[in-house]
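# Architecture at a glance
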Amino acid sequence: SRKFIVAGAQLGPIARDESRASAVARMCALMRAAKARGARVVVFPELALTTFFPRWHFTDPADIDQWFETEMPNADTQPLFDLSRELGIGFHLGYAELTADGHHYNTAIMVNESGEIIGKYRKIHLPGHFEFEDWRPFQHLEKYYFEKGDLGFHAFHAFDGKAGMCICNDRRWPETWRSLGLAGAELVVLGYNTPLHYPPAPEHDHLQYFHNELSVQAGCYQNGLWAVAVAKAGNEEGCDLIGGSVIVAPTGEIIAKAQGVGDEVITAEVDLDRCTEIRANIFNFAMHREPSDYHRITAP
Ligand code: ING
């Protein structure tokens with residue numbers, strides 16, 4: 001068996017004027033708590049260093065770039081990397097990335113127990129809209145602020161197995177999970193910022209927690225892998241973000257769930273060998289999957 005403890009470190013709201021140092025201090029406290037519970041890796045949310053800024057429309061490039069990191073690690077995040085190495089615990093961190101050649105991505109990294117970056121992912125499914133829309137109580141301008149990720153979906157060696165990453169809206173798309181499953185991922189980690197209110201379809205607001213669990217549970221079951229999905233939660237600058245961080249087994253069972261909408265650590269023991277129960281049987285891709293019959297759009 002390849003058993004170890006994983007942790008999800010849910011964050012409560014990050015205020016617009018809250019410093020990165022403050023957010024990092026909160027995450028360091030959660031990392032210590034995760035380590036105290038025996039965790040080998042701790043998963044932080046999407047865009048975990050700042051408030052969820054795509055809810056506003058900024059036009060001045062300086063106002064936009066204030067939300068982005070030009071280096072990783074950097075002075076603000078170095079304490080996280082130092083603590084990771086000191087405690088011997090890996091972590092996953094989501095942040096806004098501004099590259100040296102001027103590209104803006106919604107990015108996440110995996111850092112191993114020695115504090116070294118061993119994987120990087122840039123969000124592919126960017127939800128929301130491209131321009132300011134005045135009918136909305138708040139914006140969701142990820143298509144305006146970020147370019148589509150250019151790194152694809154990959155599984156990399158980590159924690160005695162293969163791990164993959166995705167970010168927030170990615171989790172709603174079956175192709176995300178299948179791509180990672182086909183890449184051999186046994187553990188998928190991701191963060192999310194999901195508003196309770198979805199302006200285009202408010203009649204679905206009461207389903208946001210359900211859709212979060214549905215997406216992650218289906219992804220795990222249909223690809224025989226473990227997942228840790230972690231929220232930035234709570235009322236952030238007047239906008240309610242769902243909590244509901246979960247750890248899900250390859251069977252699709254939820255084995256840990258956050259109770260509140262603040263800073264909160266959830267943990268569970270995973271056994272990567274248990275992926276076989278699914279991947280060698282019901283979802284044995286080699287034996288049962290029929291890719292030549294997919295994407296054939298036959299005329300009605
Ligand atoms: N947030 C949301 C998500 O996909 C959203 C956007 C909310 C889409 C509700 C559909 C319904 O969880 C991010 N950051 O992708």
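What counts as what
Residues numbered from 1 in each chain as written. Predicted model: local features only at pLDDT ≥ 70, side-chain atom pairs only at ≥ 80, totals over all residues. Heavy atoms only, no water. Pairing = 2+ DSSP bridges. Helix = DSSP H or I, 4+ residues; strand = E, 2+ residues; numbered from the N terminus. Axes fitted to C-alpha atoms, helices over the stretch in contact; angles between N-to-C directions. Contact = heavy atoms within 4.5 Å. Near = heavy atom within 4 Å. Polar contact = N/O pair within 3.5 Å; in protein donor to acceptor, adjacent residues only side chain to side chain. Areas by Shrake-Rupley, 256 points an atom, 1.4 Å probe, with all protein chains shown as cover. Nonpolar A, V, L, I, M, F, W, Y, C, P; charged D, E, K, R; others polar. Core = buried A, V, L, I, M, F, W, Y, C linked by side-chain atoms within 4.5 Å. Buried < 20%, exposed > 50% of the residue type's maximum accessible area, 1.4 Å probe, protein only. pLDDT = per-residue confidence, 0-100. UniProt positions renumbered as here; feature names shortened; annotations may be inferred. Phe/Tyr/Trp six-rings, centres within 6.5 Å; stacked < 30°, edge-to-face > 60°. Lys NZ or Arg CZ within 6 Å of the ring centre and 35° of its normal.

Per an unreviewed UniProt entry, the recorded name for the protein chain is N-carbamoyl-D-amino acid hydrolase, and the organism is Donghicola eburneus.

If you walk across this open sheet you meet the six strands as 5-4-3-2-1-14, and the pairing is mixed. The open sheet terminates on both sides in strands that have one partner only, identified here as strand 5 (117–122) and strand 14 (264–271). Averaged over neighbouring strand pairs, the angle between their axes works out to 25° when direction is ignored. Sheet analysis places strand 4 (residues 104–111) next to strand 5, joined by five bridges and oriented antiparallel. The partner of Val 111 across the bridge, within strand 5, is Ile 117. Relative to strand 3 (residues 90–98), helix 3 (residues 78–87) is tilted by about 165°, and along the sheet it contacts strand 3, strand 4 and strand 5.

Surrounding the ligand, one finds 14 residues, the nearest of these being Glu 142, Cys 168, Asn 169, Arg 172 and Thr 194. Contacts to the ligand include Asn 169, whose side-chain N or O atom sits 2.7 Å from an oxygen atom. At a separation of 2.9 Å, a nitrogen atom of the ligand approaches a polar backbone atom of Asn 193. Taken by itself the ligand offers 370 Å² of open surface, and the protein chains cover 92% of this. Class assignment for the residues of the shell around the ligand results in four nonpolar, five polar and five charged.

In terms of nonpolar packing, the biggest core is built from 48 residues, with Phe 4, Val 6, Met 110, Leu 187, Val 188, Val 216 and Val 228 touching the most fellow members. Top element by residues in this core is strand 9 (residues 226–231). It accounts for six residues. Other than its neighbours up to four places away in sequence, Val 216 contacts Arg 171, Trp 177, Ala 227, Ala 229, Val 246 and Val 248.

Regions with low pLDDT should not have their predicted coordinates read in detail. Of the residues in the protein chain, 100% have a pLDDT of 70 or more, and the chain-wide mean is 98. The complex prediction reports pTM at 0.98, with the ipTM value standing at 0.92.

Turning our eyes to something else, we now look at the UniProt feature "domain: CN hydrolase" (unreviewed entry) in the protein chain. Under the UniProt annotation, "domain: CN hydrolase" (unreviewed entry) lies at residues 4–272. Span residues 4–272 is 23% helix and 29% strand, its end C-alpha atoms 9 Å apart.

Another point: the packing of aromatic side chains. Applying the stated criterion across every chain yields a total of 14 aromatic pairs. Considering the side-chain rings of Phe 58 and Trp 67, the 5.9 Å spacing of their centres and the 40° angle between planes classify their relative orientation as tilted. Note on accessibility: Phe 58 and Trp 67 belong to one class, buried. Three or more aromatic residues joined by ring pairs form one cluster here, namely Phe 53, Trp 56, Phe 58, Trp 67, Phe 68, Tyr 144, Tyr 145 and Phe 146. Its end group placed over the ring of Phe 4, Arg 40 keeps NZ or CZ at 5.3 Å from the ring centre. Note that Arg 289 overlies the ring of Phe 285, its terminal NZ or CZ placed 5.9 Å from the centroid.

The strand order across the open sheet formed by six strands is 6-7-8-9-12-13, and the pairing between neighbours is mixed. The sheet is open, and its two edges are formed by strand 6 (155–158) and strand 13 (254–257), each paired on a single side. Looking at each pair of strands side by side, their axes are set apart by 20° on average, direction ignored. Sheet topology note: the strand 6/strand 7 (residues 161–165) ladder contains four bridges and is antiparallel. Within strand 7, the position partnered with Phe 156 by the bridge is Ala 163. Running at roughly 150° to strand 8 (residues 187–192), helix 5 (residues 174–182) makes contact with strand 7, strand 8 and strand 9 of the sheet. On the sheet, helix 6 (residues 208–223) packs against strand 8, strand 9, strand 12 (246–248) and strand 13 and is oriented at approximately 25° with respect to strand 12.

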